[in-house]
Amino acid sequence: MDYDSSRVFVENVKAALNGKTLDYIVVNHMEPDHAGSLRLICDLYPDAALVATKKAVDMMAQFFGDELKNEKIVVKEGDTVSLGKHELSFYTAPMVHWPEVMVTYESFEKVLFSADAFGTFGALNGNIFNDEYDIDRDWLPDYRRYYTNICGKYGMQVQSLLKKALTLDIQMICPLHGPIWRSNLVYIINKYDIWSKYEAEGNSVMIAYASIYGNTENAAYYLANELSKLGVKDIAMYDVSSTDVSYIISETFRCSHIVLMSATYNLEIYPKMDDYIS
Ligand SMILES: Cc1cc2nc3c(=O)[nH]c(=O)nc-3n(C[C@H](O)[C@H](O)[C@H](O)COP(=O)(O)O)c2cc1C
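These figures come from a predicted structure and were not determined experimentally. (Residues numbered from 1 in each chain as written. Predicted model: local features only at pLDDT ≥ 70, side-chain atom pairs only at ≥ 80, totals over all residues. Heavy atoms only, no water.)

## Focus: the site of the ligand
Rule in force here: Only heavy atoms are used to decide nearness, and a residue is near a molecule or strand if one of them lies within 4 Å of it. Any pair of nitrogen or oxygen atoms within 3.5 Å is treated as a polar contact; in protein, a donor-acceptor pairing is required on top of that, and neighbouring residues in sequence qualify only through side-chain atoms on both sides. All accessible areas in this document rest on Shrake-Rupley with a 1.4 Å probe, and a residue is counted as covered only by the protein chains that are shown. Numbering of helices and strands runs from the N terminus, with a helix taken as a DSSP run of H or I at least four residues long and a strand as a DSSP run of E at least two residues long. In this classification, the charged set is Asp, Glu, Lys and Arg, the nonpolar set is Ala, Val, Leu, Ile, Met, Phe, Trp, Tyr, Cys and Pro, and all remaining amino acids, among them Gly, are polar.
Contacts to the ligand come from Ser211, Ile212, Tyr213, Gly214, Asn215, Thr216, Ala263, Thr264, Tyr265, Asn266 and Leu267. At 2.5 Å, a backbone N or O of Tyr213 approaches an oxygen atom of the ligand. Between the ligand and Gly214 there is a distance of 3.3 Å, counted from an oxygen atom to a backbone nitrogen or oxygen. Protein chains shield 62% of the accessible area of the ligand, which is 640 Å² for the free molecule. Every element with two or more residues in the shell around the ligand is listed here: α9 (215–229) and β12 (264–265). Considered class by class, the residues forming the shell around the ligand number 5 nonpolar, 6 polar and no charged.

Here it is as C-alpha cells:
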C-alpha cells in the first residue's frame with residue numbers, strides 16, 4: 001500500500017486480523033503505490049515472513065536498506081506455500097509491469113492476486129466487484145488507458161502471463177487497482193488478449209492532429225467528413241495540443257486505422273506530435 005494511505009491500511013489489516021498475528025506478507029510487486037508502507041507493516045509484525053521473488057527482495061534492500069529485518073522467503077515460478085486449508089502458488093510476471101512482479105494463486109478459493117494486471121485507473125465508488133458496475137460504460141476506457149500506458153509496451157510478457165493463467169482454475173481476480181473480478185472473467189481476459197496482441201477492438205479511425213494556425217485541423221475535419229461520406233462510423237478526433245498523450249495512446253490500441261497530421265515546426269514534426277510518436 002502507498003505510504004500516504006498507510007494509516008487506513010494498518011487499521012484495515014488490524015481489523016481483518018481481529019487480534020491474531022500476521023504470519024506472511026506476500027509481496028507481488030514492489031512499486032511504491034503498493035509497497036511504500038512495507039517497512040511500517042514489517043515493524044508492526046516483525047515475525048511475519050516476507051514472501052517475494054529474488055528481484056523483489058533485492059529491491060527491498062534498495063528501497064529500505066537493511067531496515068526490513070523480517071525473514072525473507074524467496075519464491076520461484078510454481079513454488080507453493082501452504083497456509084493449511086489455503087495454498088498459495090506463485091507465478092512470475094516480469095515486466096507486467098516491473099521486472100520483479102509475480103502473481104499469487106490461492107487454490108482453495110481459486111483466487112488470482114494479479115498484481116497490476118487486470119487493473120484500472122480510477123477510484124471505486126463503494127462497490128468493489130465488477131458485476132456491480134456497468135464496466136463497458138463506466139470503466140472500459142480507464143482499463144484500456146491503464147493497460148496501454150502501463151503494460152502496452154510489454155505485449156509479449158502479458159501473453160506469457162495469460163498462458164500461465166489459462167492453466168489455473170480461476171474464479172476470482174483481485175488486481176491491485178480497481179474492481180475485483182468475480183464473474184465474467186473472460187471479459188477482461190479477452191481484452192488483455194486483444195491488447196497484448198496489438199489487435200484493434202473494432203473498425204474505427206483515430207485522427208490525431210497538431211495544428212498551430214488551424215489549417216491542419218481543418219484538413220483533419222475535412223478528412224473525417226469524407227470518411228463519414230464513405231460510411232465510416234467510429235471516427236475519433238484528437239488535438240494533440242489539448243489531449244493528454246495517454247488518451248491518444250489508448251485510442252491507438254483501440255482503433256484499426258490511425259491518421260496522424262502535423263504542421264512542420266522548426267524543420268521537425270510539431271513537438272506534441274513528436275512526443276506522442278516517440
Ligand atoms: C514556430 C514555428 C515554426 C515553424 N517551422 C516551420 C518549418 O520549419 N518549416 C515549414 O515549412 N513551416 C514551418 N512553420 C510554418 C507552419 O508549419 C505552416 O504555416 C503550417 O502550414 C501551419 O499549419 P497549421 O495552420 O495547421 O498550424 C513554422 C511555424 C511556426 C509558428
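## Some words on the domain arrangement of the protein chain
The condition that has to hold: Marked domain ranges trace back to an automatic or database domain assignment. In what follows, a contact means two residues having at least one pair of non-hydrogen atoms within 4.5 Å. Within this document, salt bridges are pairs made up of a side-chain nitrogen of Lys or Arg and a carboxyl oxygen of Asp or Glu, the two lying within 4 Å of each other.
Domains assigned within the protein chain are domain 1 (3–196) and domain 2 (205–277). Taking only C-alpha atoms into account, the centre of domain 1 sits 36 Å from that of domain 2. Contact residues are listed per partner, giving 8 residues for domain 1 and 7 residues for domain 2. Linking domain 1 with domain 2 are 0 salt bridges, by the criterion used here. At the surface where domain 1 touches domain 2, the tally comes to 3 residue pairs in polar contact (both at pLDDT 80 or more).

## Overview of the pattern of salt bridges
Put simply, the rule reads: In this scheme, a residue with accessible area under 20% of its type's maximum is buried, one over 50% is exposed, and one in between is partly exposed, where area comes from a 1.4 Å probe on protein chains only.
What the rule picks out here adds up to 15 salt bridges. For Lys191, the salt bridge is made with Glu201, and the minimal N-O distance between the two is 3.5 Å. Residue Lys191 is found in helix α8 (residues 185–196), and its partner Glu201 is found in the loop between α8 and β9 (205–210); the two are separated by 10 residues along the sequence. The partner of Lys197 in a salt bridge is Asp193, and the shortest N-O contact between them spans 3.0 Å. When its relative accessible area of 42% is taken as the criterion, Lys197 is described as partly exposed. Assessed through its relative accessible area of 23%, Asp193 is described here as partly exposed. Bridged by salt links that share partners, the residues Arg144, Lys191 and Glu201 form one connected network.

## Quick word on the packing of helix α6 (residues 140–150) against α8
Two measures define how a pair of helices packs: the angle their axes make with one another and the distance between the axes. Worth spelling out the cut-off: For helices, the axis comes from a line fit to the C-alpha atoms of the stretch in contact; other axes are also lines fit to C-alpha atoms, and the angle between any two N-to-C directions lies between 0 and 180 degrees. Comment on the angle field: the value is read as roughly parallel under 35 degrees, roughly antiparallel over 145, roughly perpendicular from 65 to 115, and oblique elsewhere. Here a crossing is called left-handed whenever its near helix is offset anticlockwise from the far helix by less than a right angle, and right-handed whenever the offset is clockwise.
At a minimum axis separation of 11 Å, α6 and α8 run at an interaxial angle of 45 degrees. Here α6 lies oblique to α8, going by the angle between them. Taken as a pair, α6 and α8 cross one another with a handedness that is right-handed. Only Tyr187, Ile188, Lys191, Tyr192, Trp195 and Ser196 of α8 make contact with α6, whose side of the interface consists of Leu140, Tyr143, Arg144, Tyr146 and Tyr147. A per-class count over the contact of α6 with α8 returns 8 nonpolar, 1 polar and 2 charged.

## A look at empty space enclosed by the protein
Stated formally: Throughout, the protein atoms alone are placed on a 1 Å grid, and a set of points is a cavity if a 1.4 Å probe fits but cannot get out or a pocket if it is open with protein on both sides within 12 Å along at least five of seven lines; lining residues have an atom within 4 Å of a point. Grid points are joined across faces, edges and corners, and a volume is the space filled by probe spheres set on the points.
In this structure the tally under the stated criterion is 1 cavity of 30 Å³ or more. Approximately 40 Å³ is the volume found for the largest cavity. Contributing to the lining of the largest cavity are Tyr91, Val103, Leu112, Phe118, Leu161, Lys164, Ala165 and Leu168. Broken down by element, the lining of the largest cavity gets its largest block of residues, 3 residues, from helix α7 (residues 155–166). Tallied by class, the residues present in the lining of the largest cavity amount to 7 nonpolar, no polar and 1 charged.

## Here we look at the nonpolar core
Convention followed: Remark: nonpolar core denotes a set of buried residues (Ala, Val, Leu, Ile, Met, Phe, Trp, Tyr, Cys) joined through side-chain atoms within 4.5 Å.
Phe118, Ile170, Trp181, Ile188 and Tyr192 are the most contacted members of the largest nonpolar core, which has 32 residues in total. Those elements that provide at least two residues to this core are β6 (102–106), α6, α7 and α8. The element that contributes the greatest number of residues to this core is α8, accounting for 5 residues. Counting residues in each nonpolar core, the second largest holds 21 residues, with Val13, Leu50, Ala52 and Met59 among its members.

## What to know about the sheet that holds strand β10 (residues 235–239)
Cut-off, in case you're wondering: In this scheme, strands are said to pair when DSSP sees at least two bridges between them.
Overall, parallel pairing links the 3 strands, which are arranged β10-β9-β11 in an open sheet. Either end of the sheet is taken by a strand with one partner, and the two such strands are β10 and β11 (257–262). Each strand axis lies, on average, 15 degrees off the axis of its neighbour in the sheet, ignoring direction. One ladder, built from 6 bridges, connects β9 with β11; its direction is parallel. Its bridge partner being in β11, Ala210 is matched across the sheet by Ser262. In the packing of α9 onto the sheet, contacts are made with β9, β10 and β11, and the angle to β9 comes to roughly 165 degrees.

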